Amino acid sequence: MAKKPLGKDQFGIQKVMRGGDYFGDAMGQFALNAISGMVGQLTYFYTDKAGLAAGMVATVFMITKIIDAFTDIIMGNIIDHTKPGKERYRPWILRMSIPAAVLMLMLFTVPKTGAGMQIAYMLITNLLMTSVIYTAIAIPYASLQVVRTNSSEERGKMGVYRALAGYVPGMAIVLAVIPVTNALGGTQSAWVKFAAVVALIVLLCLLFCYKKSKETATGDGVSETVAEEEGMDEAIPFKNAIGNLFGNKYWVLALVMGLISNVTYGLANSSGTYYCKWIYGDDNLIAILGAVGMIPTILGFIAVGPMNKKLGVVKTLRVSFALGIIANILRIVNPTHFWYNTILGCVSSFANIPMMCLLGVTTAMAIDYNAYKYGNRMVACSQSATGFGGKVGNGLGAAVVGWCLAIAHYDPELAAATTATRQAIYAFNIYIPLLLFCGMFICAMKFDLESKLPEIKEELERRKAQK
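Predicted model only: the values in this text are computed from it and were never measured.

## Concerning the packing of helix α4 (residues 90-107) against helix α7 (residues 188-212)
At step 1: At their nearest, the axes of α4 and α7 sit 8 Å apart, and the two run at 175° to each other. In terms of orientation, α4 lies roughly antiparallel with respect to α7. Seen from α4, the contacting residues are R90, P91, I93, L94, S97, I98, A100, A101, M104 and L105; seen from α7, they are V192, A195, A196, V198, A199, V202, L203, L206, L207, C209, Y210 and K211.

This is how it looks when you write it as structure tokens:
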């Protein structure tokens, strides 16, 4: 039986994706977040299970984070210089699937040798996993959002599916890793067994994503095949690519919004316990905050699709950022009341979800603009904005918490928080997030590309016809 033809989106672009396509594509994000979720557990594993000194662990992670922050742009340039054949991006997912599973196990098989050998092992395995393998999957995977479909509506839906699929393994690992490994004996061997299961899941998800993904966007826009034939994806020198990207104001705006949004995620992940302990007086309340916080997260994922369809990508972001601004302004009025701040915190959490889902779409629009302005899309290099913003933003968000506490001369042994400590906690929970939402709102107001895309695609078609 022939499949029912798909219609066009609100801008007249032909749709090409069905339910199974979205699911298969989302499995790539499931695998990536399963990897990052396990990497996030390494600090506890190294110190409490492998018996390594906390200072050594922190130093290793600092080194890997510095290196990791810049590998995305380098990998993007490598991928853009890859001989495509029929495909340029999808094969990387297949190539890295088995190495990703193997390195997942190696992360947790730290040898019982001297400290020097252990540090070297930690550094090498973490760099291979995060800076090489993870990046070599993440950049081409992000690029698939561009070459899979020309429809911003479908790209937005892909973003929602990806965000949902990415949320599940991260939450599951946080909830399951300790009780499961403790049930298996709580030893390093127990963690290796748990990692083996996750590694198998990662392998299967990447293979399924590879099978279901495609690289030829069809319809009224420029397809991947046409783009290659017309030189729009012809590799250009790294220096020229970087110059072009920073000459594209929409790519810069997407980069800044991605960076700022990930700072807010980093702050949210690192700051809640301090607020509960020193402002509310009970750090056990963090469990309630976590449970209640699931509600706006789920509602956000449900709402993004309809909002995007009704308002478009950019207006959806503007509305969500405005909600974040209003919520944090209201928190300043009464920052000590638990339920008042919990409810407004839920609004802030909801306001973060659209950016989580639609960052890749804004980057994809900027890539379309590359083709219009430079005659070259530079897909993989452009997508490095997403990875760079995520890695640097999350690290910076966590660092801001430490910097604020250091300025306040924070002492965890005190019976009550000093005035300086309370102000520091208000700063990284309310004041700084307020400024960040204002920054993202300004960027979104300047991001006026979405309404221009139909005209841009028509111009690209005219250029093609003239050749």
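## Examining unusual backbone geometry
At step 1: Of note in the backbone geometry, H409 takes a positive phi value of approximately 55° without being a glycine.
At step 2: Among the structural elements, H409 can be located in the loop between α14 (379-407) and α15 (419-446).

## Digging into the environment of K457
At step 1: Structurally, K457 is set in helix α16 (residues 453-466).
At step 2: Residue K457 is classed as buried on the basis of its relative accessible area of 9%.

## Points about the pattern of salt bridges
At step 1: All told, the structure shown has eight salt bridges when counted by the stated rule.
At step 2: Across the pair D368 and K457 runs a salt bridge whose closest N-O atoms are separated by 3.5 Å. Within this pair, whereas D368 is found in helix α13 (residues 338-374), its partner K457 is found in helix α16, the two being separated by 89 residues in sequence.
At step 3: You can call D368 buried: its relative accessible area is 7%.

## Describing a nonpolar patch on the surface
At step 1: Among the surface-exposed residues, L94, L200, L204 and L207 lie close enough to one another that they form a single nonpolar patch of about 340 Å² accessible area.
At step 2: When residues in the nonpolar patch are grouped by element, the largest group, three residues, is from α7.
At step 3: In this structure, L204 sits in helix α7.

## So, the packing of helix α12 (residues 313-333) against α13
At step 1: Orientation of α12 relative to α13, taken along the N-to-C sense of each, is 155°, at an axis distance of 8 Å. Classified by the angle between their axes, α12 and α13 sit roughly antiparallel to one another. The handedness of the crossing between α12 and α13 is left-handed.
At step 2: For the contact of α12 with α13, the class distribution of residues is 17 nonpolar, seven polar and one charged.

## Overview of the nonpolar core
At step 1: Grouped together as the largest cluster of nonpolar side chains are 63 residues, with contacts concentrated most on F321, C357, F428, F447 and L449.
At step 2: It is helix α10 (residues 249-280) that contributes the most residues to this core, 14 residues altogether.
At step 3: Setting aside its immediate chain neighbours within four residues, L449 contacts Y250, M365, A366, Y369 and I456.
At step 4: Formed by 58 residues, the second largest nonpolar core is a distinct cluster that contains A101, F108, V110 and I367.

Rules used in this analysis
Residues numbered from 1 in each chain as written. Predicted model: local features only at pLDDT ≥ 70, side-chain atom pairs only at ≥ 80, totals over all residues. Heavy atoms only, no water. Axes fitted to C-alpha atoms, helices over the stretch in contact; angles between N-to-C directions. Helix = DSSP H or I, 4+ residues; strand = E, 2+ residues; numbered from the N terminus. Parallel < 35°, antiparallel > 145°, perpendicular 65-115°, else oblique. Contact = heavy atoms within 4.5 Å. Buried < 20%, exposed > 50% of the residue type's maximum accessible area, 1.4 Å probe, protein only. Salt bridge = Lys/Arg side-chain N within 4 Å of Asp/Glu carboxyl O. Patch = residues over 30% accessible without salt bridge, like charges linked within 9 Å, V, L, I, M, F, W, Y side chains within 5 Å. Areas by Shrake-Rupley, 256 points an atom, 1.4 Å probe, with all protein chains shown as cover. Left-handed = near helix turned anticlockwise from the far one by under 90°. Nonpolar A, V, L, I, M, F, W, Y, C, P; charged D, E, K, R; others polar. Core = buried A, V, L, I, M, F, W, Y, C linked by side-chain atoms within 4.5 Å.

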